[in-house]
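Chain and residue survey
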Amino acid sequence: MNNIAIYLRISVLEKGNLGNTEDTINSQRNIIKSFIFNDQELKKANIEEFIDEGYSGSTTSRPGLDKLLLKIKQGKVNCIIVKDMSRFMRNYIEMGDYLENIFPFMGVRFIAINDGYDSSKESQNGTELDIQFKNLLNDYYSRDISEKMTTALLVAKKQGKYTSGTPPYGYLKDPEDNYKLIVDEKVADNVRYIFQLLLEGHTLNETAKTLNSEGVITARARRKEIKGYDAYANRWESNVEDTIWSNSMVRRIANNEAYTGTFVFNKSTKSKLDGGKVIYHPKEEWIRVYDNHEALISKETFDEVEGLLKSRHRKSFSVKKKRYQNSPLATFVRCNKCGYKIRFGTSSNGKDLISINLYCYHCRMLEQEEKLPHYKELEKEVFEILKGKFHTDKAEKKKLLDEQKELYDRNEQLLKKKRIEFENYKFGKISREDFMEIKKQIQESDEENKERIQAIDEELKQAGNIDKLTEDTIRKYIKTIYVSGKGIEKIEYQ
């Protein structure tokens with residue numbers, strides 16, 4: 001059965017010019033589904049959609065595309081359908097690499113409807129001159145549009161127009177002028193309160209804990225109130241809906257000059273070479289438009305808080321390459337109470353690992369933290385669980401294979417017996433009733449043997465020689481480990 005991936009994309013420009021981006025997404029969807037339902041082979045397939053709204057085709061860093069490529073790597077997609085090639089990718093060289101090398105190697109069929117391209121019907125995997133020429137035009141078009149948009153955005157920003165997406169916490173976009181910021185009266189005092197707490201000498205962590213204990217609404221929760229949905233809902237796996245303040249959130253607010261009424265831009269640019277890598281500019285190259293919108297705090301307050309935070313900052317002596325490794329459990333353990341990842345904080349002397357401290361940051365910030373077991377105890381317990389559940393030594397493996405061979409032989413004998421008894425029935429040696437009873441018994445034994453053969457197959461698939469705990473071993477068998485102060489609460493297996 002085919003597993004078809006439908007890929008839908010609209011660009012930044014298309015998203016900005018449309019009142020409802022769903023219009024163009026629906027248009028692409030309708031074209032593709034009409035194509036699928038008119039094809040006798042494709043209409044029987046499983047269909048999954050991958051969507052990117054407001055992403056350029058010249059970049060490969062797109063959440064929808066990333067999910068699609070992961071499914072391809074996992075072997076869960078064997079056909080991709082797009083309206084046209086430019087929706088999938090505008091980069092001429094990378095598109096050619098996918099058509100000529102990656103998709104054929106992965107056994108993935110690629111169909112671009114408007115381009116009349118179907119890799120299953122092409123002899124050269126997209127290397128024909130017309131396909132190359134179309135990809136070259138798409139690439140050129142993308143670069144041309146990108147240059148024009150960059151220039152237009154720079155002009156707009158120099159005029160003090162806020163061209164970014166979501167405004168900083170404490171501000172809203174003016175309903176009458178989408179490029180102007182106005183104060184969000186509901187949370188503006190929260191911003192002032194954060195600066196006040198920091199001026200009083202509270203650390204970033206202490207400030208965040210105070211905000212959490214007083215139930216101050218977070219930026220993410222406020223965005224959800226305004227938009228009616230949570231754009232970050234699926235980014236973190238957790239058992240709790242409410243978001244909390246963290247020291248990094250407080251730091252972002254404390255470092256944001258927008259609260260002084262200043263619009264700052266040119267902090268970074270994307271390289272036109274090196275795959276669109278982000279280049280961060282020094283503060284001296286930032287461009288500022290002063291008194292651009294209503295300030296929430298004074299410039300003096302901002303500078304004083306900035307000075308306080310700098311005075312507390314500790315210099316870290318980074319080591320070029322770690323000579324030690326974190327626990328192999330580090331990426332698999334979550335808090336049983338809230339569902340957030342448990343942090344494995346490492347302490348070292350720069351060369352050797354001294355200790356690993358386990359804690360749930362989410363619970364810590366709500367002052368609901370439990371003392372978690374020592375990482376060595378968890379490693380030992382997980383190792384024993386995996387060994388008891390999945391370890392199979394050579395002798396056990398041979399025993400399973402021998403048992404399976406014997407079952408195959410038994411079924412062969414049962415088949416022969418069935419033929420003999422059928423002949424006996426045909427020649428009148430046994431009655432029909434006797435034959436039906438014998439046939440039923442043979443069938444039951446056959447099915448019982450087949451079930452055991454299948455069970456052995458599953459055992460052999462899971463079988464492994466687990467002699468030590470490694471990250472690869474854990475990943476092979478375990479998806480998530482949930483822990484509390486009592487120890488391991490539950491394990492989700494692959």
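Just above sits the structure.
Conventions used here
- Residues numbered from 1 in each chain as written.
- Predicted model: local features only at pLDDT ≥ 70, side-chain atom pairs only at ≥ 80, totals over all residues.
- Heavy atoms only, no water.
- Pairing = 2+ DSSP bridges.
- Helix = DSSP H or I, 4+ residues; strand = E, 2+ residues; numbered from the N terminus.
- Patch = residues over 30% accessible without salt bridge, like charges linked within 9 Å, V, L, I, M, F, W, Y side chains within 5 Å.
- Areas by Shrake-Rupley, 256 points an atom, 1.4 Å probe, with all protein chains shown as cover.
- Salt bridge = Lys/Arg side-chain N within 4 Å of Asp/Glu carboxyl O.
- Lys, Arg positive; Asp, Glu negative; His and termini not counted.
- Charge placed at Lys NZ, Arg CZ, Asp CG, Glu CD.
- Buried < 20%, exposed > 50% of the residue type's maximum accessible area, 1.4 Å probe, protein only.
- Core = buried A, V, L, I, M, F, W, Y, C linked by side-chain atoms within 4.5 Å.
- Contact = heavy atoms within 4.5 Å.

**Looking at the sheet that holds strand β1 (residues 3-10)**
Pairing is mixed across the open sheet formed by five strands, whose spatial order is β2-β1-β3-β4-β5. Each end of this open sheet is capped by a strand with a single partner; those strands are β2 (46-53) and β5 (117-118). As paired elements, β1 and β2 share eight bridges and run parallel to each other. Among the inter-strand pairings, Y7 is bridged to a residue of β2, identified as F50.

**What to know about a negative patch on the surface**
Residues E433, D434, E437, E444, E447, E448 and E451 make up a contiguous surface patch of negative charge. Summarising the element assignment, E444 is placed in helix α15 (residues 432-462). A residue is classified by how much of its surface remains accessible, and E444, at 45% relative accessible area, is partly exposed.

**A short note on the pattern of salt bridges**
A full pass over the atoms with the stated rule returns 19 salt bridges. R364 is the salt-bridge partner of E369, the closest N and O atoms lying 3.0 Å from each other. Residue R364 is classed as partly exposed on the basis of its relative accessible area of 26%. The network of salt bridges with common partners includes D184, K186, R222 and E225.

**Remarks on the nonpolar core**
Across soluble globular proteins, nonpolar side chains show a tendency to be buried alongside one another. Ranked by size, the top nonpolar core spans 34 residues in total, and within it Y169, F195, W245, V250, I253 and Y259 carry the most contacts. When contributions to this core are tallied by element, the ones reaching two or more residues are β7 (177-183), α7 (188-199), α8 (204-213), α10 (247-254), β8 (263-265), α11 (299-312) and α12 (361-365). Element by element, the count of residues in this core is highest for α7, at six residues. What F195 contacts, discounting residues up to four positions off in sequence, is I253, A254, Y259, I297, T301, F302 and V305. The next biggest cluster of nonpolar side chains, apart from the first, holds 29 residues, and it includes C338, Y340, F344 and I466.

None of the figures reported here should be taken as evidence of function without further support.
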